[in-house]
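Below, each chain spelled out in residue letters.
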Amino acid sequence: MNRSILFGLIFSLTSSVLWGQVAGNENCMSCRVRSIIGGGNEFLSAGAFSIRMGDYEEGIRLTELGLTRYQPSLNDRSVAQSNLCAAHAARGEPVVAIEYCTESIKLQEKNWRAYNNRAYSYYLLGQLSEAVFDLDIATQINSDARQVIQLRGMINERGLRPRVIMEDHQ
Amino acid sequence: MLLLWIVPLVGQAQFRVVQLPSEPELLNHLGVWNCILYGDPALGDERVILHFGPDGSTRIARPNENTQRPWAPLSRWQLEASQLKFIDSRVQRSYTADLVRTTLGGGWEAPTLLGGWWCSEAPPEIAFNILISPAGEPTFMTQPLIPEVMATPRYPRRAIQEAKEGRAVLCFQVDSSGRVKDPHFIELTDQLFRGTSLDALMLSQYKGWSDAQSVDNRPACRSFVYQLTQIY
């Protein structure tokens, strides 16, 4: 079933840097306004909604059902994997999250949200170089994304040591 | 109709509440000034005395040089709007100062260098006496300002998040009790660094040199260089 589905997942965690996403048409208006439009795969839509509401376990369950009970398109599979990545990262399981994000990127290499989610997972692990590497790719794909900018700030806060040098002239 | 006519007037009246700054009064630069020049890596900070004559003459005196003939001529000073300009052709420096400020000072430019200068008004008799006296060191100008409290600014969080580095140079007066007064920004690379630089400077204190409430303020400047180091 190659019918394009639209399901959105934008969930705000405490940091709100993780991204689920709307699958299907990348240019659709619903993607931009991040609304959930029930598409053909109700499980994925419901899973996205649950994750957005902070019910990560339920979101993971529904998303996995959506991946097995339907035959989503390549793009939708990528979106679903990215959402699973985000949910696991939010649950404090960055290692598991990275596997899902990597799978998502394999399916759709222009999925900036998957890069952003994986960057956040690396950030949770303290692997800042890897996080910056992924974030740079996400920035190349979508430099205006608020989540990318926000995560960049978090990484900078942890990874840059500030110093102020003062000199008197008299 | 009357109502339609009144409403725009009320709107205008509200706008009139906003007070515009009055025309700035220009500083009178004529006279003798106790100044510091900074920014030259070879010379370091220099303390000099500048004299601006009503005839357009500009003279400079360096206390450690010839005390018998202390004054060296510079170019004639010129005023362009609020900008005072003069040139030291010996070192190819062009000096500018915005006379809108409360004291004399600004920047200087040489072919490959940039710097700043800042002055306190000096009573003429002090300047002349010190420079002409052949005996001993000229104490008024060679006595350094000793910092007693140097507050370090915090690095603005937003600047860290945005990975912004920068520089701020503030010039100010130090009064005889060692307090910092009348700070002005001479350089500021980003507005993010304005507040923290100013806060740190105003928490600083120098060692006073007189208990009396004398008017002999001394000029000083402080640079703040904000740097970030990657630690991963």
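Quick caveat: nothing in here was measured; it's all calculated off a predicted structure. (Residues numbered from 1 in each chain as written. Chains lettered and ligands numbered in written order. Predicted model: local features only at pLDDT ≥ 70, side-chain atom pairs only at ≥ 80, totals over all residues. Heavy atoms only, no water.)

(A) Highlighting the state of the cysteines. Residues and elements named next belong to chain B. Enumeration according to the criterion identifies three disulfides over all chains in this entry. Two residues, cysteine 171 and cysteine 221, share a disulfide whose sulfurs are 2.0 Å apart. One quick way to see it: the torsion about the S-S bond of cysteine 171 and cysteine 221 is about 100°, and its sign makes the bridge right-handed. Of the two residues, cysteine 171 sits in strand β11 (residues 166–174) while cysteine 221 sits in strand β14 (residues 218–230), which places them 50 residues apart along the sequence. The residues cysteine 171 and cysteine 221 share a single accessibility class, namely buried. Once the bonded cysteines of chain B are numbered in order along the sequence, the disulfide links fall as 1-2, 3-4. (Disulfide = S-S within 2.5 Å. Helix = DSSP H or I, 4+ residues; strand = E, 2+ residues; numbered from the N terminus. Buried < 20%, exposed > 50% of the residue type's maximum accessible area, 1.4 Å probe, protein only.)

(B) Highlighting the sheet that holds β11 of chain B. Overall, antiparallel pairing links the four strands, which are arranged β1(A)-β14(B)-β11(B)-β12(B) in an open sheet. Across the chains shown, the open sheet's two edge strands, defined by having one partner strand only, are β1 (160–169) of chain A together with β12 (180–188) of chain B. Between one strand axis and the next, the sheet turns through 20° on average, direction left out of account. The pairing of β11 of chain B with β12 of chain B spans six bridges and is classified as antiparallel. Bridge assignment links valine 174 of chain B to a residue of β12 of chain B, and that residue is valine 180 of chain B. Helix-sheet contacts for helix α8 (residues 146–159) of chain A involve β1 of chain A together with β14 of chain B, and the interaxial angle to β1 of chain A is about 65°. Along the sheet, helix α5 (residues 194–202) of chain B makes contact with β11, β12 and β14 of chain B, crossing β12 of chain B at roughly 150°. (Pairing = 2+ DSSP bridges. Axes fitted to C-alpha atoms, helices over the stretch in contact; angles between N-to-C directions. Contact = heavy atoms within 4.5 Å.)

(C) Seen up close, the interface of chain B and chain A. The interface is formed by 31 residues belonging to chain B together with 20 residues belonging to chain A. Looking only at chain B, the three residues that lose the most surface to chain A are Gln227, Ile231 and Tyr232 of chain B, adding up to 26% of its buried area. Inspection of the chain B/chain A interface yields two salt bridges. Linking arginine 157 of chain B and glutamate 157 of chain A is a salt bridge whose minimum nitrogen-to-oxygen distance equals 2.7 Å. At the junction of chain B with chain A, the criterion picks out 14 residue pairs in polar contact (both at pLDDT 80 or more). (Buried area = accessible area lost by both parts, 1.4 Å probe. Salt bridge = Lys/Arg side-chain N within 4 Å of Asp/Glu carboxyl O. Polar contact = N/O pair within 3.5 Å; in protein donor to acceptor, adjacent residues only side chain to side chain.)

(D) Spotlight on the layout of surface pockets. In this structure, the second largest pocket spans a volume of roughly 200 Å³. If you go around the second largest pocket, the residues you meet are Thr139, Ser143, Val148, Ile149, Gln150, Arg152, Gly153, Met154 and Glu157 of chain A together with Gln161 and Glu162 of chain B. Tallying contributions element by element places α8 of chain A first for the lining of the second largest pocket, with seven residues. (1 Å grid on protein atoms, 1.4 Å probe; cavity = no way out; pocket = protein on both sides within 12 Å on 5 of 7 lines; lining within 4 Å. Points joined across faces, edges and corners; volume = space filled by probe spheres on them.)

(E) Here's a closer look at the packing of helix α2 (residues 42–52) of chain A against helix α4 (residues 74–90) of chain A. All names here are of chain A. Interaxial distance between α2 and α4 falls to 11 Å at its minimum, and their mutual angle equals 25°. The angle between the axes of α2 and α4 places the two elements in the roughly parallel class. Where α2 crosses over α4, the two elements pack in a sense that is left-handed. Where α2 approaches α4, its residues Leu44, Ala48 and Ile51 are matched on the opposing element by Asp76, Ala80, Asn83 and Ala87. Per-class residue counts for the contact of α2 with α4 are five nonpolar, one polar and one charged. (Parallel < 35°, antiparallel > 145°, perpendicular 65-115°, else oblique. Left-handed = near helix turned anticlockwise from the far one by under 90°. Nonpolar A, V, L, I, M, F, W, Y, C, P; charged D, E, K, R; others polar.)

(F) Molecular detail of the pattern of salt bridges. Residue and element names in this part refer to chain B. Across all of its chains, the model carries 14 salt bridges over all chains by this definition. Here glutamate 162 ties to lysine 164 by a salt bridge, and the two come within 3.1 Å at their closest N and O atoms. Since its relative accessible area comes to 36%, glutamate 162 is described here as partly exposed. The shortest N-O distance in the salt bridge between aspartate 190 and lysine 164 comes to 3.4 Å. In this pair, aspartate 190 sits in the loop between β12 and α5 while lysine 164 sits in the loop between α4 (157–161) and β11, placing the two residues 26 residues apart along the sequence.

(G) Local environment of the confidence of the model for chain B. Overall, the prediction assigns chain B a mean pLDDT of 83, with 76% of residues at 70 or greater. Residue range residues 1–14 of chain B is modelled with pLDDT below 50. Its contacts to residues more than four positions away, or to other chains, number zero contacts. (pLDDT = per-residue confidence, 0-100.)

(H) Quick look at the nonpolar core. Among the nonpolar cores identified, the biggest contains 32 residues, and Tyr120, Tyr123, Leu135, Val148, Leu151 and Ile155 of chain A are the most heavily contacted of them. The element contributing the most residues to this core is helix α6 (residues 112–125) of chain A, with seven residues. In contact with valine 148 of chain A, other than residues within four places in its own chain, are Trp112, Asn116, Leu135, Ala138, Thr139 and Asn142 of chain A. Leu160 of chain A together with Val180, Phe185 and Tyr206 of chain B belong to the second largest nonpolar core, which has 21 residues in total. (Core = buried A, V, L, I, M, F, W, Y, C linked by side-chain atoms within 4.5 Å.)

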